[in-house]
Amino acid sequence: MTSSKRILVTGATGYIASRLIPQLLERGYPVCALARQPQRLKSRRWFSQVEMTEGDVMKPATLKPALEGVHTAYYLIHNMSSGHGYTERELDAARNFVQVAEAAGVSHIIYLGGLADEEQHIAPHMRSRIETGATLRQGSVPVTEFRAGVVVGSGSISFEMIRFMTELFPVIPAPVWVKSKSQPIATQNVIDYLLAALSNHDGQGQVFEIGGPDISTYKDLMLYYARIRGHKRSFLLLPYVPVWFMAFGIGLTTPVPRPIAYALVGGLSSDSVVIHDTARKIYPEVNLVDFESATKEALTRLHPLKIERVWESESDSDFGSLPADNTTNRVVKDFRSLFNTQT
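Student: Would you mind going over the overall build of the protein chain in detail, with residue names and values included?
Tutor: Across its full length, the protein chain carries 12 helices and 13 strands. With 343 residues in all, the protein chain has 56% of them scored as buried. When contacts within the protein chain are restricted to residue pairs at least 6 apart in sequence, long-range pairs at least 24 apart make up 78% of them. Put simply, the protein chain shows about 14,900 Å² of open surface, and 52% of that area lies on carbon and sulfur atoms.

Student: Mind laying out helix H11 (residues 291-299), listing which residues take part and the relevant values?
Tutor: Along H11, the residues classified as buried are Phe291, Ala294, Thr295, Ala298 and Leu299. Along the axis of H11, the buried positions cluster into a sector of 140°, meaning they face one direction only. Where the residues of H11 are buried, they touch strand S7 (151-152), helix H5 (157-168), strand S10 (185-186) and helix H7 (218-229). The backbone nitrogen of glutamate 292 has a side-chain oxygen 3.1 Å away, supplied by the residue at the start of H11, namely aspartate 290.

Student: Mind laying out a nonpolar patch on the surface, listing which residues take part and the relevant values?
Tutor: Taken together, Trp244, Phe245, Phe248 and Leu252 make up a surface patch of nonpolar side chains, about 420 Å² in accessible area. Here tryptophan 244 lies in helix H8 (residues 243-253).

Student: Residues and numbers for the environment of valine 152, please.
Tutor: Mapped onto the fold, valine 152 is located in strand S7. Taking the C-alpha atoms as reference, valine 152 lies 6.1 Å from alanine 294; in sequence the two are 142 residues apart. Aside from chain neighbours lying at most four places away, what touches valine 152 is Phe159, Pro184, Ile185, Ala186, Thr187, Phe291, Ala294 and Thr295.

Student: So what's going on with the packing of helix H1 (residues 15-26) against helix H6 (residues 187-199)? Which residues, and what values?
Tutor: In the contact formed by H1 and H6, the axes pass within 10 Å of each other and the chain directions differ by 55°. Taken together, H1 and H6 sit at an angle that is classed as oblique. Note on packing geometry: the crossing formed by H1 with H6 is right-handed. For the pair H1 and H6, contact is made by Tyr15, Ile16, Arg19, Leu20, Gln23 and Leu24 and by Thr187, Gln188, Val190, Ile191, Leu194, Leu195 and Leu198, respectively. Considering only residue class, the contact of H1 with H6 consists of nine nonpolar, three polar and one charged.

Student: A description of the environment of alanine 298 should follow, citing residues and the corresponding values.
Tutor: Here alanine 298 lies in helix H11. Residues alanine 298 and serine 154 lie 144 residues apart in sequence; the distance between their C-alpha atoms is 4.7 Å. Once residues lying within four places of it in the same chain are set aside, the contact partners of alanine 298 are Gly153, Ser154 and Phe159.

Here is what the cut-offs are and how they apply
Just so you know, the residues in each chain are numbered from 1, in the order the chain's sequence is written. Residue-level local features of this predicted model are given only where pLDDT is at least 70; pairs of side-chain atoms are given and counted only at 80 or more, and the full residue set underlies all totals for whole chains, interfaces and linings. Heavy atoms throughout the structure, all of them, feed into the side-chain values; hydrogens and water do not. The numbering of helices and of strands both runs from the N terminus, where a helix is a DSSP run of H or I of at least 4 residues and a strand a run of E of at least 2. When accessible area is computed with a 1.4 Å probe and restricted to protein chains, residues below 20% of their type maximum are described as buried, those above 50% as exposed, and intermediate ones as partly exposed. What makes two residues a contact is simply this: any of their non-hydrogen atoms within 4.5 Å. Only the protein chains shown count as cover for residues, and the accessible areas themselves come from Shrake-Rupley with a 1.4 Å probe. Comment: arc refers to directions from the helix axis out to C-beta atoms. As used in this structure description, the phrase polar contact means that two N or O atoms lie within 3.5 Å; if the pair is within protein, one of them must be able to donate a hydrogen and the other to accept it, and residues adjacent in sequence are counted only when both atoms belong to side chains. To count toward a patch, a residue needs a relative accessible area above 30% and no salt bridge. Like charges then connect within 9 Å, nonpolar side chains (Val, Leu, Ile, Met, Phe, Trp, Tyr) within 5 Å. Here, a salt bridge means any side-chain nitrogen of Lys or Arg that lies within 4 Å of a carboxyl oxygen of Asp or Glu. Each axis is a line fitted through C-alpha atoms, taken for helices only over the stretch in contact, and angles between the N-to-C directions span 0 to 180 degrees. Oblique is the label for any angle not under 35 degrees, not over 145, and not in the 65 to 115 range, which are roughly parallel, roughly antiparallel and roughly perpendicular in turn. A crossing counts as left-handed when the near helix is turned anticlockwise from the far one by less than a right angle, and as right-handed when that turn is clockwise. We call Asp, Glu, Lys and Arg charged. Ala, Val, Leu, Ile, Met, Phe, Trp, Tyr, Cys and Pro are nonpolar, and the rest, Gly among them, are polar.

Dropping the structure here:
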C-alpha cells in the first residue's frame, strides 16, 4: 500500500518514534522526521528513507519547513530530561506546535500522553502529559490523544526501569507506592493504536485511555518479570522514601538519567489504569498482548546492541555509550556481562 499523505513524526530520536517510523514506511507513507539533532539518527536503517528535518518545538520558526504539506503529525515529545521547569516548557512547546500546524493546514494531530485519573491527585509529570494534550486540542486541528502507562518493550524507559531494578537487587528497596495499580501495554499495541488512528477517523477529536489486558501493582510487575527470568525476588517496603532519593538511586544504578527518573518515580504514587475503555470499541482491530507475552518478546532483544534508544536526551545516555559516572559505568558493565552470558 502506498499513500500520498505526508506524515510528520516528531521526537524522532525517542523510543516510540523509533518503532513507529519503520512501520509507517512499510505501509507506504512518505515520512518526515523532526529532531533537534538529526545526525544522531544516521545509524538507523530507515534514515535514508525519510525526510529528516532539524527543528525544535521551542523555536516555532524551525517548525515551518517540517509541517509544510503534512497531512498528519505525530506529537511524541516530552521535556522530562530538561529538569526543573519542564512542565511549563512542555505547554509552551505544545502551543508553538499547534499554532504552526494550523498555519500549515495540517489535518490531524496524533498525540501520545500519559495514563492517569486527572480527577485525582497525580504527579506533575502525569499532570503535564494531560495538560499537553489539552493544549494541543485548543487549536483548530483535530487531535486524537492516546494515554498509556507502562509500555512493555525493550528500550521503553518504564520497562527498562522495572528490568534493571529487578535484575540488580535480590531484595528490592521500594516505597509503599509500588502497591499502586498499573495496566501495562505492549509496545506493539501502542504502535497499533497510533497506526489505526491514521485510517480510522472515528477517533478524531477524542481522548483514549489504552492499556493491555492485565491490571497489576508495580510490585507484581517486578515479580512477574523476575519469575519469567527465573529469579527469586522479595521487597523491602519502606514507609516513606523521598522522590529525590529514589531518583538518585535509580540514576546511580541504571542508565536512566536522574531528571527522568525523578519524573517517573513521582508517577508511582497514583494508579495508572484504564477507566474509560472506549479505545477497544473504536479500534477493535487492535489485538492486545498480555504482560507476560510482551515481556518475553522484549527479552529476545536484551543484548545491548539490540536495544533501541531508550529516551531522547541531548546527553550521551543511550545503551550504546555508558554514562560518564564511574560507579554507574561499573554497574552497567556488570549488567551487560550478566546478559552477555545469558542471552
